[in-house]
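Here's the letter readout for the chains.
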Amino acid sequence: MIHYDEKRKQFHLQSGETSYVIQIVRGYPLHLYWGKKLSAYRGQPESFFKKRSFAPYADPQHPEFSLDTLPLEYPGYGNGDYRHPAYQVQLVNGSTVSDLRFAGHRTYPGKEKLPGLPATYVADDAEAESLDIFLNDPVTHLAVTLTYTVFRDFDAITRSVRFENKGKEALRLLRALSASVDFRDDRFEVMTFYGSHNFERNISRRPLQMETLSVESRRGASSPQHDPLFALLRPNTDEDQGEAFGFSLVYSGNFSAEIEVDQFHTTRTSIGIHPFDFSWKLEPGESFQTPEVVMVHSTKGLGGMSRTYNRLYRTRLARGKYRDRPRPTLINNWEATYFKLNEKKLLAIAAEAKKAGIELFVLDDGWFGRRDNDKSSLGDWVVDRRKLPHGLDWLAGRMNDMGLMFGLWFEPEMVSPNSDLYRRHPDWCLHVPNRPRTLTRFQLVLDLSRADVRAYLIDSLTKVLSGANIQYVKWDMNRHMTEIGSASLPADRQRETAHRYILGLYSVIETLTERFPDILFESCSSGGGRFDPGMLHYMPQTWASDNTDAASRLKIQYGTSIIYPAIAIGAHVSAVPNHQVGRVTSLDMRGHVAMCGNFGYELDLTKLSDQEKKIIKKQVAFYKEIRPLIQFGDFYRIENPFVGNEAAWCFVSGDRSEAVGFFFRVLSDPAQPIRYFIFKGLDPDALYENIATGDIFGGDELIHVGVTVPIEKGDFRSYVWRIRKI
Ligand code: DGJ
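Reading the values: the criteria
- Residues numbered from 1 in each chain as written.
- Predicted model: local features only at pLDDT ≥ 70, side-chain atom pairs only at ≥ 80, totals over all residues.
- Heavy atoms only, no water.
- Near = heavy atom within 4 Å.
- Polar contact = N/O pair within 3.5 Å; in protein donor to acceptor, adjacent residues only side chain to side chain.
- Areas by Shrake-Rupley, 256 points an atom, 1.4 Å probe, with all protein chains shown as cover.
- Nonpolar A, V, L, I, M, F, W, Y, C, P; charged D, E, K, R; others polar.
- Domains from an automatic or database assignment.
- Helix = DSSP H or I, 4+ residues; strand = E, 2+ residues; numbered from the N terminus.
- Contact = heavy atoms within 4.5 Å.
- Core = buried A, V, L, I, M, F, W, Y, C linked by side-chain atoms within 4.5 Å.
- Buried < 20%, exposed > 50% of the residue type's maximum accessible area, 1.4 Å probe, protein only.
- Salt bridge = Lys/Arg side-chain N within 4 Å of Asp/Glu carboxyl O.
- Pairing = 2+ DSSP bridges.
- Axes fitted to C-alpha atoms, helices over the stretch in contact; angles between N-to-C directions.

**Concerning the site of the ligand**
Around the ligand sit 13 residues, and of these Asp364, Asp365, Lys474, Asp476 and Asp546 come closest. Between Trp409 and the ligand, the recorded distance is 3.0 Å, taken from a side-chain N or O atom to an oxygen atom. Taking Asn478, its side chain carries an N or O atom lying 3.4 Å from a nitrogen atom of the ligand. Coverage of the ligand by the protein amounts to 97% of the 290 Å² it exposes when considered alone. Across the shell around the ligand, the residue classes tally to four nonpolar, three polar and six charged.

**With respect to the domain arrangement of the protein**
When its domains are assigned, the protein resolves into domain 1 (91–316), domain 2 (333–528) and domain 3 (646–725). The C-alpha-based centres of domain 2 and domain 3 are spaced at 42 Å.

**Re the side chain of Asp182**
Relative to the elements of secondary structure, Asp182 occurs in strand 10 (residues 171–183). At 2.7 Å, the side chain of Asp182 and the backbone nitrogen of Leu72 are in polar contact. Side-chain polar atoms of Asp182 contact the side chain of Arg268, separated by 2.8 Å. In this structure, Asp182 is in contact with His31, Leu70, Pro71, Leu72, Arg83, Thr267 and Arg268, ignoring residues within four places of it in sequence.

**Considerations on the nonpolar core**
Among the nonpolar cores identified, the biggest contains 185 residues, and Phe163, Leu363 and Trp367 are the most heavily contacted of them. Sorting elements by how many residues they give to this core places helix 7 (residues 497–515) first, with eight residues. Residues Ala648, Ala659, Leu682 and Ile703 belong to the second largest nonpolar core, which totals 20 residues.

**Here we look at the pattern of salt bridges**
On inspection of all chains with the given rule, the structure shows 54 salt bridges. The salt bridge involving Asp401 is made with Arg398; its shortest N-O contact spans 2.6 Å. Placement of the pair is Asp401 and Arg398 together in helix 4 (residues 391–402), with a separation of three residues, close to one helical turn. Accessibility expressed as a relative area gives 58% for Asp401, which makes it exposed. For Arg398, a relative accessible area of 29% gives the class partly exposed. A salt bridge links Glu413 to Arg530; the shortest N-O distance between them is 2.7 Å. With Glu413 in the loop between strand 23 (405–410) and strand 24 (414–415) and Arg530 in the loop between strand 27 (520–523) and helix 8 (533–538), this residue pair connects regions lying 117 residues apart in the sequence. Looking at Glu413, the relative accessible area reads 0%, which means it is buried. Residues joined by salt bridges that share partners form a network here, namely Asp81, Arg83, Asp182 and Arg268.

**Topic: the sheet that holds strand 36 (residues 696–698)**
Strand pairing in a sheet relies on backbone hydrogen bonds. The paired strands run either parallel or antiparallel. Strand order in the open sheet formed by six strands is 31-32-33-38-35-36, with antiparallel pairing between adjacent strands. The two strands at the open ends of the sheet, each matched to only one other strand, are strand 31 (634–639) and strand 36. When the angles between neighbouring strand axes are averaged without regard to direction, this sheet yields 25°. Where strand 35 (residues 687–690) lies against strand 38 (residues 717–725), three bridges are found, and the strand directions are antiparallel. The residue bridging Asn690 from the neighbouring strand is Ile723, located in strand 38. The sheet contacts of helix 9 (residues 550–561) involve strand 31, strand 32 (646–652) and strand 33 (658–665), and relative to strand 31 the element is tilted by about 130°. Helix 10 (residues 587–594) rests against strand 33 and strand 38 of the sheet, and its axis sits at about 45° to strand 38.

**As for unusual backbone geometry**
That bond from Val576 to Pro577 is cis: its omega, -10°, falls within 30 degrees of zero. Even without a glycine there, the phi angle at Ser223 is positive, about 80°. Mapped onto the fold, Ser223 is located in the loop between strand 13 (212–217) and strand 14 (229–233). Positive phi is not limited to glycine here, since Tyr338 has a value of about 45°.

**What about the side chain of Thr290?**
Note that Thr290 resides in the loop between strand 19 (287–289) and strand 20 (292–298). Leaving out residues up to four positions away in the same chain, Thr290 has contacts with Leu114, Leu117, Ser160, Val161, Phe163, Ala176, Leu177 and Ser178.

Below, the structure written as structure tokens:
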């Protein structure tokens, strides 16, 4: 998979159907190619050399060798490349110029763990091969390792970087991105994702211009405002054909992704920890590891790119017992009771859930401390006996007696000023001296860079989790950071706080998920505000949005599917009028939309009519039938809800023997055109049976002619077809 041509000092990485070529020229790793698999790269790197007027160069004999015009694998700062650098380091003398040169390499089977950070992995060394390229700067004594992994079965390459101070004086990293890729042209459109609370993962696609475009988070979390990912698409690329290059950062904190088109129409892309308000002191002998970026190439359009990410993240990023297991259908009490919960209400909802065939009851916010609203108690992870006099163990037992699993909500990273924890440890939150502590939702952020805070969290959660039969945890996080500083760090390390927080978070969740391997963990951050690959490594599913409106969810789930598999996307049926947008949609459509993810309900089931209860029971039974397809199948997007009134997609089993297709019409129109549901991903040579009607179709017919979508009056209509190979 990784070929090294010693004579030319050329590395040819082959991953699945892709090639990635690096050549060392004059000590610099040049980036020659990334794209469709090549048998060999025979071209000369000199084709990139061109003497440009006023371009800087170091060697007067070779003015054509200018760092400003070459495609570089990991560009530095200060010696002629005016584009964005991938890293920058400051010496004790104040200078910030460095120059890394090739010092050797090693290749090895498999993939090594990234210390303290989430990453993709292999189950067997034969699945991947890795390359370390070693670079040194004799002046700064900075040693850098560029690590690449290629996969046998995925068109994906991962990259990360390790910095080490091999000198005798301290160094300060000012910028340490995970990857930089120079494309030789700019004929691309860029896809990025934006949003807010209740409005996550909207898609933006636009042509590149002669400028730098960036998406980023400076909020301390990956955030719903921008997602830590982007894709470059050729202008003719659509869902099914054309080239796409994806970049997805496996990290949950501040990030920056930049796409820069330079004066000669080349494109530099980079992604990594945001350099804003970041620096990292490297004492002699110390090292710093960047997060991983997962880069996917597709010649099968955006859909091909998504399926690679979906499958890679489902099988080789997510971990644990539940990775390959069907996830339980659930009922969550949040929108049913909010903070006004008690044993009687919860058990009544649970009883209805059981009758509907639901498998897991999730007790959300409000069960601990004296949390009657969002103004108190975060940090005091002790059951509130006023609401739950018999305690959690008893409650979990009653649920178990009914045949339900029991799950519990926490928001461990936070502290309410009105809490015993805060009264005991006012310096345990992020803060800076002599400044007020800015609140969001009446809460502050615990300083997870501190070992004592981490130990407290591990201990207090362990007590709760081992004190009752808790089989699921919803791990929430409901505010971003302000006054980012730590009482435990020295002045010259304050700018390390935000990253140290994320490292601290990862170590806490690593410990807890290891200690409780049977618990299914779901990540959440005011909905899908920290839906990122970093969290997915520890927690195999994420609550996609607090917005449970079916029409809004079409877009949210469509945008989320660009990278994440359906099994990771928490989706619930809620009450109407919808609590977030006030819309009244049909129960059918609410069910169909939610069952295209990890399915659950979030409403007071005791308040439903008998007719509605019947529908819900049918929905749950239907979901259980299609669950393997939804949770482990391949996802194909068909109609885009961002461009019209309709959405459609289908899930196809890995062996193409089964599929389920969904079509949604949001608003009714006069003079409706007849629509055809055109399947994708089927075996064109096979015959398929419509399971509901017994009608037989050829696979080719289903993917070229399709099935007719009924025309009906009324808004919020949804249709589903289940087919199976005969
Ligand atoms: C935000 C989450 O996204 C909701 O689902 C709910 O758990 C609330 N927090 C509880 O405070």
